[in-house]
Every structure is written in structure tokens, then in C-alpha cells.
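Secondary and tertiary structure notes
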Amino acid sequence: MSNHPIQPQPERRRFLRFGAALGGFLTGCKTSRVEEPAEPSSLGKPLSEHGARSPFEKTGRLPGPGKNPEIGSSKTPLQDCYGILTPASLHFERHHSGVPHIDPAAHKLLLHGLVDRPLMLTMADIHRLPAVSRIHFIECSGNSRSEWGPKTAPDAQKAHGLVSCSEWTGVPLSIVLAEAGVKAGASWIVAEGADACHMQRSIPLKKALDDALLVFGQNGEAIRPEQGYPLRLLIPGWEGNTSVKWVRRIKLVDQPSMTKDETSKYTDLMADGTARQFTFEMDAKSVITFPSGGQKLAGPGFCEISGLAWSGRGRIERVEISTDGGRTWVNAALDEPRLRIAFTRFRLPWKWEGQEVILQSRCTDETGYVQPSREALLEARGANSDYHNNCITAWKISPGGGVTNV
Ligand code: CO
């Protein structure tokens, strides 16, 4: 258990201590006859070079409808993932011109612009530099856009699946920038990918020197082509689009480049018609993944409520859960490790009595920022908004056990 036990709060009695709750649940699984499990009747499959999941596991990414199969996004099945790491094969995708086929032996990274010594690095050069491994989520700023309403998406994957969390391995960008020598007057970098559209984003130099990484590893293996093989710029906690995949060029400049993806896209139209630009940080968000939309509870009884919380500004400090439409809240337990700018898994033992329930989660990050209600978010941002929706989601459990987004 974490060091965040369930706190005594007004509605505490509706939530259960683990032992009391589970004891009742397992009585339903008792059997009168004790039988030995069946013996295997034949040898299993032979050894293999590269593992694959069980054929019984069917969950997949959900590519959205698009005019071209190379352009668009696919979503992580958050409701089917365990712990805090997303399998690389299920990490969400957002591509602007398809996944390039890159031979790492031919890939190079150019560092130029306002530097003392322009550098052209091969992957072999990069692999010789001091590396770090860090667990971070990446979230598309278009994630949860359906939740602006009035119509919302039916399940956790369709509503919130443009976020995933991996252990990334790579070289701090600050090391490479020090090697190149940052010239006075440089204040931004422009990163460019090797995809067909040469995706570009401008990033303040301060962030580039702080915690940006040039990553080549993901969850213990080489980064997947869909995530930027062989090299991706990772900008922790900022909108996913800034973590430029297949990165091939970083230019130091004295002002942002005003690229397509920071002007016509990835800006936030406010109620008064002006647009917010360079809204980089992903605000704290939480989603209950069980029970969640599209699932069905077989019947009343014990049910561990579980989900994921994350913040682009640091650690998750608290996740509260309400089972009465937001009238009262109790603290969920937070799994360790509880890392900066990473998924935090939360859990709460609960007993469903079979009645209609509105289930919500609300997180607070280490800066004290509290995830807003949909009403509060609309109040702050207006009805023109599209990106950066982090509002509280509500799942309704109907008396029949079905779960829907409300
Ligand atoms: Co933004």
C-alpha cells in the first residue's frame, strides 16, 4: 500500500476496508467439490526469438477514422492496461504524414543555429553519451477533446486514450547542447522530424536545458517506429506534439519559428476570439479505468475502483473519488512509485449495492492544482475550446451494471 491511506471523511462508511469487503465477495466463489485442475495433455509451444502476447488477449489501439490511414491518431486502451506502464505496442499514435522507415545506421541529428560548434551526430555517437532512464507520460493536447461536449465518447479509450506512459532511455539534451556551445541570444530551439511533413515545433531553450531528452529506448527495447525510431525528442509534461518524433534537426534561434503546428494547430481559441499560443504544459488529469464506460458489472458486491492520474507539472499528491455525483469525496490510495510527470495508479476498495451510481475522480498535483469540473473548465476557457481538456469525467453505473459516460 502507499503512504496515502484512505482518510476518514464524512462518507467514509460507504467505503470498505480491504478485508471486510473482499471476504464477502469470495464467498460467492466457494465450491462444494474440490477437483484437481486438468493436467496438460500435450507439450506446449516451442521457444521463440521474439515474444508475442497470448492469442486470448484481443485489446488493441483504436485508429480513428481519417481520410488517409497515415494521418490521424490511434488510442491506448487505458481500461485494459495494468500498473503505470503502457506496452510500447499499445502506446497511442498521432502521425501527421505516416511512420517513416528509418535505418538507424543512416540516421543523423544536426544541431545548428546559434551554437559555437554545429554538430552532426550519428546514432552510434549518441549511444556513446551518458544516458538516463525516466518514466514519463506523453499526452496529446487533443486528448479528451470529446469531453467538451455536448456529446461525449463512450469509454476510457475513446475519450482519453491519447495518453500513454513509458520508461524512456536517452541522453539529456543539455549534454548535447553543452557540447555544441549555446551562443548568447539563443532563447528557443526548433526541432524537426524526419517524417514526410518535417513536423516542427519551437520550444523555449530553458525547457530544452532543463529536462528534455533525446530518447532511443522505450520500456527496455528500442523505441518503436510509431514513437520515433530511432530517435525522439522527449519534452516531459508538455503537449505530445512538442516531443518531435524521428528527430533529425535541432536549430537554436532567438524566437519561435511560428510553424504550422503552433499557429493553425495546437492553439486554443478563447471565448473572446483571441487564441492562446504555446500552451505547453499538460494540466493534471485523472480517469477511472475500472469501472469505466463500456464495461458491465456482473452484479452487486466488492469492486476495486482503479484508475490513472498524471500531471505535466510534477507528482500527483492526491486523488479523490466520489460515488454520489460529486457531493462527497474520499481519498484513494496511490500506488508507489509516485513519479514526477508519470502515471500514478490509484485504487479504492468499494462495494456496489446495485443502485445507480455516478462515479468521478479528481486529482491534485504537487503544485496544489486541482482537476476542474467540466463547468469550471468551460467557465475559464469558453465554448470554442478544443485542446487541453482535463475536466473531471463522470461514469454512470446503471442498476443493470452497465457503465456509460455522462
Ligand atoms: Co497547447
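Predicted, not measured: the structure shown is a model, and the values here were computed from it.

A closer look at the sheet that holds strand β8 (residues 188-193)
- With respect to topology, 5 strands assemble into an open sheet ordered β5-β4-β13-β8-β9, the strand pairing being mixed. On the outer flanks of this sheet lie β5 (119-122) and β9 (200-204), each paired with one strand and no other. The average undirected angle you get between the axes of adjacent strands in this sheet is 15°.
- In this sheet, strand β13 (residues 247-253) lies alongside strand β4 (residues 108-113) in parallel orientation, the contact comprising 4 bridges. Each bridged residue has a counterpart across the sheet, and for G113 the counterpart in β13 is L252.
- Relative to β5, helix α4 (residues 173-180) is tilted by about 135°, and along the sheet it contacts β4, β5, β8 and β13.

Thoughts on the coordination of the cobalt ion
- Binding of the cobalt ion to the protein goes through E239 (OE), T279 (O), T279 (OG1) and H388 (NE2), at separations of 2.1 to 2.3 Å.
- The site at the cobalt ion holds 4 donor atoms, and with the angles between them running 75 to 164°, its shape is irregular.
- Between consecutive donors of the cobalt ion, the numbers of intervening residues give the motif E-x39-T-x108-H. In this pair, E239 sits in the loop between β12 (232-234) and β13 while T279 sits in the loop between β15 (275-276) and β16 (285-290), placing the two residues 40 residues apart along the sequence.

Remarks on empty space enclosed by the protein
- Tallying each qualifying case throughout the model produces 2 cavities of 30 Å³ or more.
- Here the largest cavity is characterised by a volume of approximately 190 Å³.
- Considering the residues around the largest cavity, the lining is formed by 20 residues, among which R94, R232, G240, N241 and K245 are closest to the centre.
- When residues in the lining of the largest cavity are grouped by element, the largest group, 3 residues, is from strand β3 (residues 93-95).
- In terms of residue class, the lining of the largest cavity is made up of 7 nonpolar, 7 polar and 6 charged.
- Lining the second largest cavity are E139, M282, D283, K285, H388, N389 and N390.
- Taken together, the residues that form the lining of the second largest cavity break down as 1 nonpolar, 3 polar and 3 charged.

Comments concerning the domain arrangement of the protein chain
- Once the domains are mapped, the protein chain shows domain 1 (73-152 + 161-276) and domain 2 (285-405).
- Facing 36 residues of domain 1, the contacting portion of domain 2 comprises 30 residues.
- Buried surface at the junction of domain 1 and domain 2, summed over both partners, amounts to about 2900 Å²; 54% is from carbon and sulfur atoms.
- Broken down residue by residue, the surface that domain 1 buries against domain 2 is led by I84, E147 and W148, which jointly contribute 26%.
- The tally of links between domain 1 and domain 2 comes to 2 salt bridges.
- Residue E139 is joined to K285 by a salt bridge in which the shortest nitrogen-to-oxygen separation is 2.7 Å.
- At the junction of domain 1 with domain 2, the criterion picks out 17 residue pairs in polar contact (both at pLDDT 80 or more).
- Mapped by element, the contributors of at least two residues to the side of domain 1 that touches domain 2 are β6 (132-139), β7 (163-172) and β14 (268-269).
- The leading source of residues in the side of domain 1 that touches domain 2 is β6, at 4 residues.

Section: the pattern of salt bridges
- What the rule picks out here adds up to 22 salt bridges.
- Linking R248 and E192 is a salt bridge whose minimum nitrogen-to-oxygen distance equals 2.8 Å. Here the residue R248 occupies a position in strand β13, and E192 occupies one in strand β8, the gap between them amounting to 56 residues.
- With its nearest N and O atoms 3.1 Å apart, the salt bridge here joins R347 to D335. Here R347 is found in strand β21 (residues 344-352), whereas its partner D335 is found in the loop between β20 (333-334) and β21, with 12 residues between them in sequence.
- Residue classification places R347 among the partly exposed residues on the basis of a relative accessible area of 28%.
- Through salt bridges that share partners, R61, E93 and E226 make up one connected network.

Regarding the sheet that holds strand β18 (residues 316-322)
- Taken in spatial order, the 5 strands line up as β19-β18-β22-β23-β24 in an open sheet, and their pairing is antiparallel. With partners counted over all chains shown, the strands left at the sheet margins are β19 (330-331) and β24 (403-405), one partner each.
- Note: β18 against strand β22 (residues 357-365), 6 bridges, orientation antiparallel. From the neighbouring strand, I316 faces β22, where its bridge partner is D365.

Points about the pairing of β4
- Taken together, the 4 bridges between β4 and β5 define a ladder with antiparallel strand orientation. Opposite L109, over in β5, you have L121 as the bridge partner.
- Counting the residues that bridge the hairpin from β4 to β5 gives 5 residues.

Thoughts on the side chain of S322
- Relative to the assigned elements, S322 resides in strand β18.
- Within the structure, the side chain of S322 is placed 2.9 Å from the backbone oxygen of T328, a separation counted as a polar contact.
- Filtering out sequence-adjacent residues up to four positions away, S322 remains in contact with R327, T328, W329, I358, L359 and Q360.

Analysis parameters
In every chain, residue numbers begin from 1 and rise along the written sequence. Since the coordinates come from a predicted model, pLDDT governs what is reported: local features require at least 70, and pairs of side-chain atoms require 80 or more to be given and counted, while whole-chain, interface and lining totals use all residues. Side-chain measures were taken over the full set of non-hydrogen atoms in the model, leaving aside hydrogen atoms and water. Here, a strand pair is defined by DSSP locating no fewer than two bridges between the strands. In this description a helix means any DSSP run of H or I spanning at least four residues, a strand means any run of E spanning at least two, and both kinds are numbered starting from the N terminus. To get an axis, fit a line to the C-alpha atoms, keeping to the stretch in contact for a helix; angles then go from 0 to 180 degrees between the N-to-C directions. What makes two residues a contact is simply this: any of their non-hydrogen atoms within 4.5 Å. Here a donor is an N, O or S atom found within 2.8 Å of the metal, or within 3.2 Å if the metal is Na, K or Ca; sites may look incomplete because water is not among the atoms. Angular criteria define each label, namely tetrahedral for four donors with all angles between 85 and 135 degrees, square planar for four and octahedral for six donors with opposite donors over 155 degrees apart and remaining angles between 65 and 115, and irregular for whatever fails these tests. Two kinds of site are reported from a 1 Å grid over the protein atoms alone, namely cavities, where a 1.4 Å probe fits but cannot get out, and pockets, open sets with protein on both sides within 12 Å along at least five of seven lines, and residues are called lining when an atom falls within 4 Å of a point. Grid points are joined across faces, edges and corners, and a volume is the space filled by probe spheres set on the points. Each residue gets one of three labels, nonpolar for Ala, Val, Leu, Ile, Met, Phe, Trp, Tyr, Cys and Pro, charged for Asp, Glu, Lys and Arg, and polar for the others, Gly among them. These domain limits were set by an automatic method or by a database of domain assignments. Reported buried area values correspond to the accessible surface (1.4 Å probe) lost by two parts on association, with both partners' losses combined. By convention in these notes, a salt bridge is any Lys or Arg side-chain nitrogen within 4 Å of a carboxyl oxygen on Asp or Glu. Whenever two N or O atoms come within 3.5 Å, that pair is a polar contact, provided that in protein one can donate a hydrogen and the other can accept it, and provided that, for residues adjacent in sequence, both atoms are side-chain atoms. Exposure classes here rest on a 1.4 Å probe applied to the protein chains alone. A residue is buried below 20% of its type maximum, exposed above 50%, and partly exposed in between.

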